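A closer look at the structure
What follows is each chain in one-letter form.
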2 protein chains.
Amino acid sequence: MPRAPTTSDSFNAVAEPRRRDILNFLAPAERPVGDIVERLRLPQPSVSKHLRVLLDVGLVEVRREGRQAFYRTNAEAIKPVHEWTSQFERYWRRQLTRVKERAERESDRSSTTTTQRRQS
Amino acid sequence: MPRAPTTSDSFNAVAEPRRRDILNFLAPAERPVGDIVERLRLPQPSVSKHLRVLLDVGLVEVRREGRQAFYRTNAEAIKPVHEWTSQFERYWRRQLTRVKERAERESDRSSTTTTQRRQS
DNA sequence: AGAAAATATGCCGATATGGGAATATGTCAA
DNA sequence: TTGACATATTCCCATATCGGCATATTTTCT
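To start, this report covers the structure provided alongside it. Along each chain, residues carry numbers from 1 onward, in the same order as the chain's sequence is written. Chain A is the first chain written and ligand 1 is the first ligand written, with later ones labelled in order. With pLDDT at 70 or above as the cut-off, local features in this predicted model cover only qualifying residues; side-chain atom pairs require 80 or more to be listed or tallied, and sums for whole chains, interfaces and linings still use all residues. Values reported for side chains reflect all heavy atoms of the structure, with hydrogen atoms and water molecules removed beforehand.

**Looking at the interface of chain A and chain B**
Note on contacts: a residue pair is in contact if any heavy atoms of the two residues lie within 4.5 Å. Contacts between chain A and chain B engage 32 residues on the former and 32 residues on the latter. As a working definition, buried area equals the accessible area (1.4 Å probe) given up by two parts on being put together, with both sides summed. The largest share of the area that chain A buries against chain B comes from A:Arg3, A:Trp84 and A:Trp92, three residues that together contribute 22% of it. Basic side-chain nitrogens of Lys or Arg form a salt bridge, by our definition, when they fall within 4 Å of a carboxyl oxygen of Asp or Glu. For the pair chain A and chain B, the interface holds zero salt bridges. Secondary structure is summarised from DSSP: a helix means a run of H or I of at least four residues, a strand means a run of E of at least two, and numbering begins at the N terminus for each. Of all the elements, helix 5 (residues 79–86) of chain A adds the most residues to the side of chain A that touches chain B, at six residues.

Here's what the structure looks like:
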């Protein structure tokens, strides 16, 4: 079996850096496709394809008006990813304090050693 | 060009659900491969392959002891994903309050209507 | 009607994937 | 040394990917 389709969930859709760029750009306000093309300097078909993927997983929504399509990011769809990563917050916090403590212990020890050296 | 390799960054590595399961399992404490196999009910080669990917992107670390390999998740490597998603927190918060406000306005209106109906 | 503008879709090729099964590698113990 | 145990690697296959390019679709304007 190949890798899961990019349209299977937010995790897969968001793995592509260009798609993250698009979501960032569309977060503050809706934009027509042309604006994305101009801003990200990507070929228009490429942008349309990425938007299709994002649309399929619900990461963006469209509002069509005349010949333009205004896309906006649906932040809600990013929540699952955020929540999954949040589980690990406590762990990297703990790891950081451990590292910090160790560093402090070591600097204590080395200053003690230095002191001892100075003393001897 | 095909999709970026799963080993290119945490975003890609974490797109695979089994790998997320492994990271969850290994977060509280290090475990030998056999424990993962038993817990997740996956074929051993499959687990080893997933661990290889996770190792390549720094999402896990190993400690070898005899014929066993103890893996633990390196929560730090999940931080980039967490931070990227955090940017959107304000947006889904805003969207939620908007939805809430609209719901309140609508329930106000309907209760008023009801009241009016009762009155008339 | 016909052309231009904005966006979407189709086809191609190169490539990496994850699963399955078999096998390799490394380590301990009798 | 030989065998059992724990883990890693290899090979094969079916499939979805992204990029590039060409083209289709829809809408608006003259």
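Further notes follow.
**Details of the protein's contact with DNA strand C**
The environment of DNA strand C is formed by 29 residues, the closest being A:Met1, A:Gln44, A:Tyr71, B:Thr6 and B:Lys49. Residues are counted as near a molecule or strand when any one of their heavy atoms sits within 4 Å of it. When atoms of DNA strand C within 4 Å of the protein are sorted by moiety, sugar and phosphate together comprise 60%. Definition of a polar contact: a pair of N or O atoms within 3.5 Å, with one able to donate and the other able to accept a hydrogen when the atoms are protein atoms, and with sequence-neighbouring residues admitted only if both atoms are side-chain atoms. The backbone of A:Gly34 places a nitrogen or oxygen atom 2.8 Å from a phosphate oxygen of DNA strand C. The separation between a phosphate oxygen of DNA strand C and a polar side-chain atom of A:Arg64 is 3.1 Å. Mapped by element, the contributors of at least two residues to the surface near DNA strand C are helix 3 (33–40), helix 4 (44–56) and strand 3 (68–73) of chain A together with helix 2 (17–26) and helix 4 (44–56) of chain B. In terms of residue count, helix 4 of chain A provides more of the surface near DNA strand C than any other element does, five residues in total. As a working rule, the residues Ala, Val, Leu, Ile, Met, Phe, Trp, Tyr, Cys and Pro are called nonpolar, Asp, Glu, Lys and Arg charged, and the rest polar, with Gly in that last group. Taken together, the residues of the surface near DNA strand C sort by class into 11 nonpolar, eight polar and 10 charged.

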